[in-house]
Amino acid sequence: GTGQAGTAAEQAGAAAILGFDPGDPAFRADPYAHYRTLTSHGRRLTRTDVGLRVTTSYDLCERVLRDPRFGHRPDGGEPWRATVARNRSFLTMDPPDHTRLRRLVSKAFTPRLVERLRPRVEALVDELLRDVSGETDLIATLAYPLPVIVISEMLGVPPEDRDLFKGWSDSLARGLDPDFLLPEAEIAQRDEAREEFGTYFRELAAKRRTEPRDDLLSALVSVSDGGDVLSEDELLATCVLLLVAGHETTVNLIGNGALALLRDPAQLALFRERPGLVQAAVEELLRYDPPVQLTLRSALEDVDLDGTLIERGKLVLLLTGAANRDPSVFDDPNRLDITRYAEGRDAPKHLSFGHGIHFCLGAPLARLEGQVALGKLFERDVALASGDLVYRDNLVLRGLRDLPVTVRA
Ligand code: HEM
């Protein structure tokens, strides 16, 4: 349990912890405008009412993410830090455990394997868009099913089991938010979903162990490195991590990306005219409205960060979504410019896939899906339909509940 007194969010309120209110509709509509207010007066590191350190600076986000003195598991640490203990995947581990597990999983989840998927991703997008015309919700017709089908097929989850995951995955997405921002009930729901996922994969993994197939789960079951193997718990946590990543992030690349283009007719026209820009465009869309808005790190020892002492165990909230628009790094940061990452222009990397040792393992897959989905979508005549845009209630993840559009054949 997280204590009888309720979570920190129930006691203090998320706004006091974070310095902004993630539930405020104005924040959801444009978090970037709110992030900018956090860094007025040239401060790069601010401190919220409860003492949480927050940064919107590209330089500081980048430095913390590659600094081995920051990580996830200091002994002791902030009272808020319970998230980490429950999430047993390598996403929140430090070296040497992180290194060992990531290496094992990388051996199964290779760029080669991902590139092999291209024809399948193209066929899926064609299929998902085939009968779409008139008014439709792009999240439901394209953005959500594509990554779900792809990761399920990769892992070797039978199609008839896919629907089981939707409910579990919803609970787990909210669960990517730090525990100190979640009500007890949602924490309980998430933990239950994690258990159910785990049980499901335990059975499926047992089948693949006796009868391996050409899928990622079979590869994970048999992966080894100098005598090192994944334990049962590690295997299950990895499957859950891959599935949650596959369900909850790429959907928002496609959704947020489509919305950004639909709102900017000149950029959309350019995107249509120059199909060769699709890779650069997806990078820019990732920078401009990233699916993952932030991450957290704890000081593993006392660290002087930009003149501020971060004591061992203290957390720093890295607003990478804000860092992607840091005006000291990016030209005209609030402008969508799909040529920003075109060849020959060396724009700084965005931080949307993270940076350093935890850099997103699924980035090649996410990029492939985003490029194919948005490329094929905008071969059609698509326009925003009227109606309010509603975002899902997550802090870490930013994504639309639905995206109503009109498609003309
Ligand atoms: C890690 C973003 C898609 C698997 C991360 C991190 C970010 C991120 C920011 C680092 C988190 C941190 O340092 O705290 C995204 C975005 C995606 C996406 C924006 C889609 C557009 C995927 C997909 C998969 C995946 C499709 C796999 C199916 C992972 C894994 C890690 C990770 C395994 C942990 C890496 C580590 O800890 O070493 N992702 N991701 N991601 N992502 Fe992704």
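For the structure itself, consult the block above.
Residues numbered from 1 in each chain as written. Predicted model: local features only at pLDDT ≥ 70, side-chain atom pairs only at ≥ 80, totals over all residues.

**A look at the overall build of the chain**
Phase 1: Along its length, the chain carries 20 helices and 12 strands.
Phase 2: Compactness check: the chain gives a C-alpha radius of gyration of 21 Å against a globular reference of 22 Å for 409 residues, within 12% of the reference.
Phase 3: Along the longest, intermediate and shortest principal axes, the C-alpha atoms of the chain span 60 × 60 × 40 Å.
Phase 4: Among the 409 residues that make up the chain, the fraction classed as buried is 44%.
Phase 5: Put simply, 73% of the contacts in the chain that link residues at least 6 apart link residues at least 24 apart. (Helix = DSSP H or I, 4+ residues; strand = E, 2+ residues; numbered from the N terminus. Rg over C-alpha atoms; globule rule 2.2 N^0.38 Å. Buried ≥ 20, exposed ≤ 12 C-beta atoms within 10 Å, placed from the backbone. Contact = placed C-beta atoms within 7 Å.)

**With respect to the site of the ligand**
Phase 1: In the neighbourhood of the ligand, 24 residues make up the surrounding shell, with Ala 245, Gly 354, His 358, Cys 360 and Gly 362 lying closest.
Phase 2: Elements represented by at least two residues in the shell around the ligand include exactly α15 (232-248), α16 (250-262) and α20 (363-377).
Phase 3: For the shell around the ligand, the leading source of residues is α15, giving 4 residues.
Phase 4: Its residues assigned to classes, the shell around the ligand shows 15 nonpolar, 8 polar and 1 charged. (Near = placed C-beta within 6 Å. Nonpolar A, V, L, I, M, F, W, Y, C, P; charged D, E, K, R; others polar.)

**Here's the deal with the nonpolar core**
Phase 1: Core analysis: the biggest nonpolar cluster contains 106 residues, and Leu 155, Leu 220, Cys 239, Leu 243, Ile 254, Leu 317 and Leu 318 have the highest contact counts within it.
Phase 2: With 10 residues, α15 is the largest single contributor of residues to this core. (Core = buried A, V, L, I, M, F, W, Y, C linked by C-beta atoms within 7 Å.)

**Section: the environment of Ser 152**
Phase 1: Looking at where Ser 152 falls in the secondary structure, it is placed in helix α11 (residues 145-155).
Phase 2: Each C-alpha atom, one on Ser 152 and one on Val 229, is 23 Å from the other, the two residues being 77 residues apart in sequence.
Phase 3: Once you skip the residues sitting within four places of it in the chain, Ser 152 turns out to touch Val 157 and Arg 162.

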